[in-house]
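Structural overview
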Amino acid sequence: MRAGTATPEELFELGVVMLRKKVFSQAIRHLDACLAAWGDAGGTPELKAQARNALGYALFSQEKTEEAVAQYTAAVQLQGDYVTAW
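Model, not experiment: these values are computed from the prediction.

Glancing now at the packing of aromatic side chains. Inspection of every chain in the model, using the stated rule, returns 1 aromatic pair. Taking the centre distance of 6.2 Å and the plane angle of 70 degrees together, the rings of Phe-24 and Tyr-57 count as edge-to-face. Of the two residues, Phe-24 sits in helix 2 (residues 24–38) while Tyr-57 sits in helix 3 (residues 45–61), which places them 33 residues apart along the sequence. According to the relative accessible area criterion, Phe-24 is buried, its value standing at 14%.

Below, the structure is given as structure tokens:
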């Protein structure tokens, strides 16, 4: 991580750990970095949907409701049957 060589999957996992610890600002940073690293070509739609849902939760926990809804919507667009994001 410190060397700047973390994979998007590692960034995702770190973001999820930060969510569990309720360190939402760091979760947002790592999940944003994960999604940016994947870009349009990387990651499966399912993983991207999970990352966007997790990001939505972190944003909602920081009372950034509109941004959270945008992430939940993006998660559903990637995976229409993703019940948690709905």
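There is more to say, and it comes next.
Quick look at helix 2 now. With 15 residues, helix 2 should cover 21 Å at 1.5 Å per step; its first-to-last C-alpha distance of 21 Å lies within 8% of that length. Among all positions of helix 2, only Phe-24, Ala-27, Ile-28, His-30, Leu-31, Cys-34, Leu-35 and Trp-38 are buried. Immediately downstream of helix 2, the backbone of Gly-39 shows phi near 60 degrees, a positive value.

Assignment of secondary structure puts Val-76 in helix 4 (residues 65–78). Once residues within four sequence positions are removed from consideration, Val-76 is found in contact with Ala-85 and Trp-86.

Let us look at the nonpolar core. Of all hydrophobic cores here, the largest spans 19 residues; its most connected members are Phe-12, Leu-19, Leu-31, Cys-34, Ala-51, Leu-55 and Ala-58. Broken down by element, the residue count for this core peaks at 7 residues, all from helix 2. Sequence-distant contacts of Ala-58, defined by excluding residues within four places in its chain, comprise Leu-19, Phe-24, Ala-27 and Ile-28. In this structure, Ala-75, Val-76, Tyr-82 and Ala-85 belong to the second largest nonpolar core, which totals 5 residues.

Here is what the cut-offs are and how they apply
- Residues numbered from 1 in each chain as written.
- Predicted model: local features only at pLDDT ≥ 70, side-chain atom pairs only at ≥ 80, totals over all residues.
- Heavy atoms only, no water.
- Phe/Tyr/Trp six-rings, centres within 6.5 Å; stacked < 30°, edge-to-face > 60°.
- Helix = DSSP H or I, 4+ residues; strand = E, 2+ residues; numbered from the N terminus.
- Buried < 20%, exposed > 50% of the residue type's maximum accessible area, 1.4 Å probe, protein only.
- Expected span 1.5 Å × (residues − 1).
- Contact = heavy atoms within 4.5 Å.
- Core = buried A, V, L, I, M, F, W, Y, C linked by side-chain atoms within 4.5 Å.

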